[in-house]
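A structural walkthrough
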Amino acid sequence: MSDVSVHHRAVRWQLILCLLLCAGLAACTTRPRVPALSVTPAPALEAPQPLDDIGPLLNYHQALRRMSQGELLKELSGLMQQKRTPRVALQTGMVLMLTRGSGDLNRAQGLLDNVANSTEAAAAPYKPLALMLSSYCGEARRLAEHVDKLNAQLTAQQKDSQRRIDQLNDMVEGLKNIERTLPLRPSASTAPGVVK
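One structure accompanies this document, and this report is about it. (Residues numbered from 1 in each chain as written. Predicted model: local features only at pLDDT ≥ 70, side-chain atom pairs only at ≥ 80, totals over all residues. Heavy atoms only, no water.)

Thoughts on the nonpolar core
- Membership of the largest hydrophobic core comes to 26 residues, with the highest contact counts inside it found for Leu 57, Leu 90, Met 94, Val 95, Met 97, Leu 129 and Leu 133.
- Put simply, the parts of the chain that give this core at least two residues each are α2 (54-65), α3 (69-80), α4 (86-98), α5 (104-116) and α6 (127-181).
- Among the elements that line this core, the one with the most residues is α4, at seven residues. (Core = buried A, V, L, I, M, F, W, Y, C linked by side-chain atoms within 4.5 Å. Buried < 20%, exposed > 50% of the residue type's maximum accessible area, 1.4 Å probe, protein only. Helix = DSSP H or I, 4+ residues; strand = E, 2+ residues; numbered from the N terminus.)

Digging into the pattern of salt bridges
- As enumerated under the stated definition, the model contains five salt bridges in all.
- Across the pair Arg 142 and Glu 139 runs a salt bridge, and its minimum N-O distance is 3.1 Å. With Arg 142 and Glu 139 both in helix α6, this residue pair falls three residues apart, about one helical turn.
- Classification of Glu 139 as partly exposed rests on a relative accessible area of 26%.
- Taking the shortest distance from any N to any O, the salt bridge between Lys 176 and Glu 173 comes out at 3.9 Å. Pair noted here: Lys 176 and Glu 173 are both in helix α6, with a separation of three residues, about one helical turn.
- Judged by relative accessible area, which is 39%, Lys 176 ranks as partly exposed.
- Using a relative accessible area of 39% as the deciding quantity, one classes Glu 173 as partly exposed. (Salt bridge = Lys/Arg side-chain N within 4 Å of Asp/Glu carboxyl O.)

Considerations on a nonpolar patch on the surface
- A contiguous nonpolar patch, built from Leu 175, Ile 178 and Leu 182 and spanning about 310 Å² of accessible area, is present on the exposed surface.
- Among the structural elements, Leu 182 can be located in the segment after α6. (Patch = residues over 30% accessible without salt bridge, like charges linked within 9 Å, V, L, I, M, F, W, Y side chains within 5 Å. Areas by Shrake-Rupley, 256 points an atom, 1.4 Å probe, with all protein chains shown as cover.)

Notes on α4
- Between its first and last C-alpha, α4 extends 19 Å over 13 residues, near the 18 Å set by a 1.5 Å rise per residue.
- Summarising burial for α4: eleven of the 13 residues are buried, a large majority.
- Of all the positions in α4, only Pro 86, Val 88, Ala 89, Leu 90, Gln 91, Thr 92, Gly 93, Met 94, Val 95, Leu 96 and Met 97 are classed as buried. (Expected span 1.5 Å × (residues − 1).)

Quick look at the packing of α3 against α4
- Axis separation between α3 and α4 bottoms out at 10 Å; the angle between their running directions is 155°. One finds that α3 runs roughly antiparallel with respect to α4. When the axes of α3 and α4 are compared, the crossing they make is left-handed. Taken together, the residues of α4 that come into contact with α3 (itself represented by Gln 69, Leu 72, Glu 75, Leu 76, Leu 79 and Met 80) are Val 88, Gln 91, Thr 92, Val 95, Leu 96 and Leu 98. (Axes fitted to C-alpha atoms, helices over the stretch in contact; angles between N-to-C directions. Parallel < 35°, antiparallel > 145°, perpendicular 65-115°, else oblique. Left-handed = near helix turned anticlockwise from the far one by under 90°. Contact = heavy atoms within 4.5 Å.)

Some words on α5
- In a regular helix each residue adds 1.5 Å, so 13 residues correspond to 18 Å; α5 covers 18 Å between its end C-alpha atoms and thus fits that length.
- Every buried residue of α5 is accounted for by Asp 104, Ala 108, Gln 109, Leu 111, Leu 112, Val 115 and Ala 116. Taken around the axis of α5, the buried residues stretch over an arc of 160°, which confines them to a single face.
- Buried residues in α5 make contact with α4 and α6. (Arc of directions from axis to C-beta.)

Focus on the side chain of Asp 104
- Take Asp 104: it is sitting in helix α5.
- The exposure class of Asp 104 is buried, given its relative accessible area of 9%.
- At 2.5 Å, the side chain of Asp 104 forms a polar contact with the side chain of Thr 99.
- Sequence-distant contacts of Asp 104, that is, excluding residues within four places in its chain, are made with Leu 96 and Thr 99. (Polar contact = N/O pair within 3.5 Å; in protein donor to acceptor, adjacent residues only side chain to side chain.)

Listed below in structure tokens is the structure:
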């Protein structure tokens with residue numbers, strides 16, 4: 001099993017655990033009872049966006065993974081024209097995670113970190129997903145940097161090997177030139193002291 005497959009499975013489990021934790025926390029939330037004698041009503045709190053929004057986002061991410069690079073860039077262009085909300089920032093980060101442009105992973109991680117660290121009430125339901133995707137971006141960046149280092153080492157080794165091959169070829173050609181300039185050896189039949 002490849003490292004990427006293991007990593008995807010680990011990310012999937014992290015997401016499932018995160019969703020279960022969010023669902024558990026939502027189930028534990030209760031409204032405080034207002035005493036019957038209370039004259040002043042409790043201030044109305046703005047309810048956070050329902051957690052049901054995470055499921056469609058996961059489906060959206062799966063749909064993105066099936067898109068070509070051209071389709072992803074078109075989707076990114078559409079998202080960039082929308083009003084920047086935590087949900088749109090999360091979606092934009094998801095797209096940037098899959099495009100292959102230079103610096104796209106950095107941009108994706110920045111957007112996801114903004115959602116994860118946001119103090120807006122609208123960002124609250126998206127924070128666990130944003131944190132998980134941000135950590136995935138960080139890991140993907142580390143892997144990409146490692147691959148770049150390995151490629152640089154391989155290129156350096158190939159250049160070194162080619163330089164050595166060229167040196168050996170030069171030595172062989174030099175030896176051939178020396179051999180050509182040597183006087184011919186007399187054959188055994190004409191060697192001095194041999195009587196015919």
